[in-house]
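Observations on chain architecture
Below are the chains, spelled out letter by letter.
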Amino acid sequence: MTNAAPPSSASPAASPPSCGGASGLIGVTVAWASAARQVQLARLQLPADATLAQAVQASGLLQGLPENARAALAYGIWGRPCAPGAALQDGDRVEIWRPLRVDPKRARRERFASQGARTAGLFARRRPGGKAGY
């Protein structure tokens, strides 16, 4: 009688599958907000050596955008700015960012000026009977 392993058991030489799977593909998501509160997502399977620029091209989200508008866009992976040649990993979220319409500091200053000094920020909710300026 021989001590052969049953056919259902894995051999010790077999290695566990990698994150990209046996086919050498990685899964990434490309996110693009064409306007406020209008997010478009594209889930893609790309080769393991894919770059950010290849993911954006493969998503097709920027098809109708003119070339001069594409030049003003910025790109990132999970909220961090990245160059178009950045390598991707399995599970990455590629983000396409539009340029800001208004500088955030300027918008805050304008809101503060329109609301007044005593109706915004820390001074808006003073407790009754509290000291002035605290």
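Analysis parameters
Residues numbered from 1 in each chain as written. Predicted model: local features only at pLDDT ≥ 70, side-chain atom pairs only at ≥ 80, totals over all residues. Heavy atoms only, no water. Helix = DSSP H or I, 4+ residues; strand = E, 2+ residues; numbered from the N terminus. Buried < 20%, exposed > 50% of the residue type's maximum accessible area, 1.4 Å probe, protein only. Contact = heavy atoms within 4.5 Å. Salt bridge = Lys/Arg side-chain N within 4 Å of Asp/Glu carboxyl O.

1. A short note on the side chain of T29
Examined against the element boundaries, T29 turns out to sit in strand β1 (residues 25-35). Judged by relative accessible area, T29 falls into the buried class, the value being 18%. The residues contacting T29, other than those within four sequence positions of it, are L41, A42, R43, D92, R93 and V94.

2. A short note on the side chain of T51
As for its placement among the helices and strands, T51 is situated in the loop between β2 (38-47) and α1 (52-59). The class for T51 is buried, based on a relative accessible area of 19%. Excluding anything up to four places from it in sequence, T51 contacts P84, G85, A86, A87 and L88.

3. Notes on the pattern of salt bridges
Scanning all chains against the criterion turns up two salt bridges. Residues E95 and R93 are paired through a salt bridge, measuring 3.2 Å at the closest nitrogen-oxygen approach. Judged by its relative accessible area of 14%, E95 falls in the buried class.

4. Describing the environment of W78
Structurally, W78 can be placed in the loop between β3 (74-77) and β4 (80-81). Judged by relative accessible area, W78 falls into the exposed class, the value being 53%. Note: C-alpha distance between W78 and D92 (14 residues apart in sequence) is 6.9 Å. Residues contacting W78, with those up to four places away along its chain left out, are G91, D92, R93 and E95.

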